[in-house]
Amino acid sequence: MSLGKDEKIKVIDSHTGGEPTRIVIEGGPEIGGGPLIDRVKKFRNDHDDFRRAVIHEPRGADVLIGGVLCEPTEPDCVTGVIFFNNVDYLGMCGHGTIGLVQTLYYLGRIEPGRHKIETPVGVVTVVLHEDCQVTVQNVPSFRYRADVELSVEGYESVCGDIAWGGNWFFLVKDHPFEIKQGNIDQLLLFSRRVRSCLDNQKITGKDGGVIDHIECFGPPESSHADSKNFVLCPGGEYDRSPCGTGTSAKVACLYAGGKLNPGEVFRQESIIGSIFEATFRLPHLDERQTLELQGTGPLERVVVPSIRGSAFVHGETTLVFGKNDPFRLGISK
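The sections below set out a description of the structure shown in this document. (Residues numbered from 1 in each chain as written. Predicted model: local features only at pLDDT ≥ 70, side-chain atom pairs only at ≥ 80, totals over all residues. Heavy atoms only, no water.)

**Quick notes on the packing of aromatic side chains**
Tallied over the entire structure, the rule returns twelve aromatic pairs. Seen in terms of ring centroids, phenylalanine 43 and phenylalanine 50 are 6.2 Å apart; in terms of plane orientation they differ by 55°. Their pairing is tilted. Side by side, phenylalanine 43 and phenylalanine 50 carry an identical accessibility label, which is buried. The rings of Phe43, Phe50, Phe84 and Tyr89 are connected pair by pair, giving a single aromatic cluster. The positively charged end of arginine 240 is found above the aromatic ring belonging to tyrosine 238, 3.9 Å away from the centroid. The aromatic ring of phenylalanine 217 is capped on one face by lysine 250, whose charged end is 3.2 Å from the ring centroid. (Phe/Tyr/Trp six-rings, centres within 6.5 Å; stacked < 30°, edge-to-face > 60°. Buried < 20%, exposed > 50% of the residue type's maximum accessible area, 1.4 Å probe, protein only. Lys NZ or Arg CZ within 6 Å of the ring centre and 35° of its normal.)

And the structure:
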């Protein structure tokens, strides 16, 4: 961002199951064309001050997920999007995509029906339903490793699965806490220590992928849900929603463990009680061929998940970055 003049950026704020999303609709950085993964690199290298200014205090908060609209490379996509948080950029964001679809509808850019959105990790198909709920068909997801044991400082041995749902997750099977709002502080401390343990022991996803999300789960409180989760996000905050990519990783693990079949509905409750509905199908033949070329796998455990949830627009704002404001680029931590 230029330091020589006032800057104005127009954003739409929404929340998906309680988790906020801020979509930049005017005033984003110039990051050129080409594959979105390359544009993410340019964003990070040349315009990271924009990310910090939009997300960090005093205009944002650590829990906030941001997104910048950009021209897609695929002609049948309604938009491309690059998501980011308080520390870095995200390959995919499930709740953010649901919030993005509701934002596009609020702006009059789409109508109910099926649409495609390009992300840095691939094209996702979305459906805006007549009741304004949104279904996101996520990128192919899979369990990478099962029953990984960790010795976590201050706790007994922890066992969990490593899975991909658009981001890398460590899904903790055994932990000493009930998943409820009164235990958020303890769950945060525990999850952060699990994350540190994974880093220190150099335990990663496929091809060295950093496991930057920790998901603890347990019995639901709602009679309408099958499980309740707590998800630690990369920036150290917890997800208020049931987490779209985390729910994708979860159903991939359930399928790999023989506990969920294609087409069956799995309802994931969040730490604050909001619910996503998830189903999955197996990849079609042409998708399997593409996955083989990309080296995704193991193919016998790959699923294509769909997540359904609701988002609500709650703000249409012009952010002002005054040239004399000492915190115009956010308060760094």
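Still to come is the rest of the account.
**Some remarks on the nonpolar core**
By size, the foremost hydrophobic cluster in this structure holds 61 residues, and its most contacted members are Leu150, Phe170, Val194, Leu198 and Phe230. Looking at this core element by element, the count peaks at seven residues for helix H4 (residues 184-200). Sequence-distant contacts of valine 194, defined by excluding residues within four places in its chain, comprise Leu150, Val152, Phe170 and Ile214. Of all hydrophobic cores here, the second largest spans 19 residues; its members include Leu36, Phe50, Phe84 and Tyr89. (Core = buried A, V, L, I, M, F, W, Y, C linked by side-chain atoms within 4.5 Å. Helix = DSSP H or I, 4+ residues; strand = E, 2+ residues; numbered from the N terminus. Contact = heavy atoms within 4.5 Å.)

**Examining the layout of surface pockets**
Its volume calculated, the largest pocket comes out at about 1400 Å³. Together, 45 residues line the largest pocket, and Pro120, Val121, Gly122, Val139 and Trp164 are the ones closest to its centre. Looking at the lining of the largest pocket, the elements with two or more residues in it are helix H1 (36-46), strand S5 (89-90), strand S6 (113-119), strand S7 (122-128) and helix H6 (285-294). Top element by residues in the lining of the largest pocket is H6. It accounts for five residues. Across the lining of the largest pocket, the residue classes break down as 18 nonpolar, 13 polar and 14 charged. (1 Å grid on protein atoms, 1.4 Å probe; cavity = no way out; pocket = protein on both sides within 12 Å on 5 of 7 lines; lining within 4 Å. Points joined across faces, edges and corners; volume = space filled by probe spheres on them. Nonpolar A, V, L, I, M, F, W, Y, C, P; charged D, E, K, R; others polar.)

**Comments concerning helix H5 (residues 244-256)**
Here H5 spans 18 Å end to end across 13 residues, near enough to the 18 Å set by a 1.5 Å rise per residue. Within H5, eleven of the 13 residues are buried, which leaves the element mostly enclosed by the surrounding structure. Taken residue by residue, H5 has Gly244, Thr245, Gly246, Thr247, Ser248, Ala249, Lys250, Val251, Ala252, Cys253 and Leu254 as its buried positions. Count one or two residues on from H5 and you reach glycine 258, which has phi positive near 75°. (Expected span 1.5 Å × (residues − 1).)

**Brief notes about unusual backbone geometry**
The residue after glutamate 57, namely proline 58, is reached through a cis peptide bond having omega 10°. Phi is positive for cysteine 132, which is not a glycine, with a value near 75°. If you trace the backbone, cysteine 132 turns up in the loop between S7 and strand S8 (134-137). A relative accessible area of 25% means that cysteine 132 is categorised as partly exposed. In this structure, cysteine 243 takes a positive phi of about 75° despite not being glycine. By the secondary structure assignment, cysteine 243 is in the loop between strand S13 (227-232) and H5.

**Let's talk about empty space enclosed by the protein**
Counted according to the given criterion, the structure contains three cavities of 30 Å³ or more. Put simply, the largest cavity is a space of about 110 Å³. Along the walls of the largest cavity sit 17 residues, with Leu90, Cys93, His95, His213 and Asp239 positioned nearest its centre. Looking at the lining of the largest cavity, its residues break down into seven nonpolar, eight polar and two charged. What the second largest cavity holds in volume is close to 50 Å³. If you go around the second largest cavity, the residues you meet are Glu19, Asp62, Val63, Leu64, Ile65, Asn85, Asn86, Cys233, Gly235, Glu237 and Tyr238.

**Describing the pairing of strand S16 (residues 304-309)**
Among the six residues of S16, five are classified as buried, and the element is accordingly described as predominantly covered. Examined bridge by bridge, S8 and S16 share four bridges and lie antiparallel to one another. Note on S16: the bridge partner recorded for glutamine 137 is serine 306. (Pairing = 2+ DSSP bridges.)

**With respect to the environment of lysine 116**
Secondary-structure assignment places lysine 116 in strand S6. For the pair lysine 116 and glycine 80, spaced 36 residues apart in the sequence, the C-alpha separation amounts to 9.0 Å. Discounting chain neighbours no more than four positions away, the residues touching lysine 116 are Asp76, Cys77, Val78, Thr79, Val123, Val124 and Thr125. At a separation of 3.1 Å, a polar atom in the side chain of lysine 116 contacts the side chain of aspartate 76. (Polar contact = N/O pair within 3.5 Å; in protein donor to acceptor, adjacent residues only side chain to side chain.)

**Quick word on helix H3 (residues 94-106)**
In this model, H3 (13 residues) spans 19 Å end to end at C-alpha, consistent with the 18 Å of a helix rising 1.5 Å per residue. Burial of H3 is extensive: eleven of the 13 residues sit out of reach of the surface. Along H3, the residues that are buried comprise Gly94, His95, Gly96, Thr97, Ile98, Gly99, Leu100, Val101, Gln102, Thr103 and Leu104. Trailing H3 by a residue or two, glycine 108 shows a phi angle of about 80°, which is positive.

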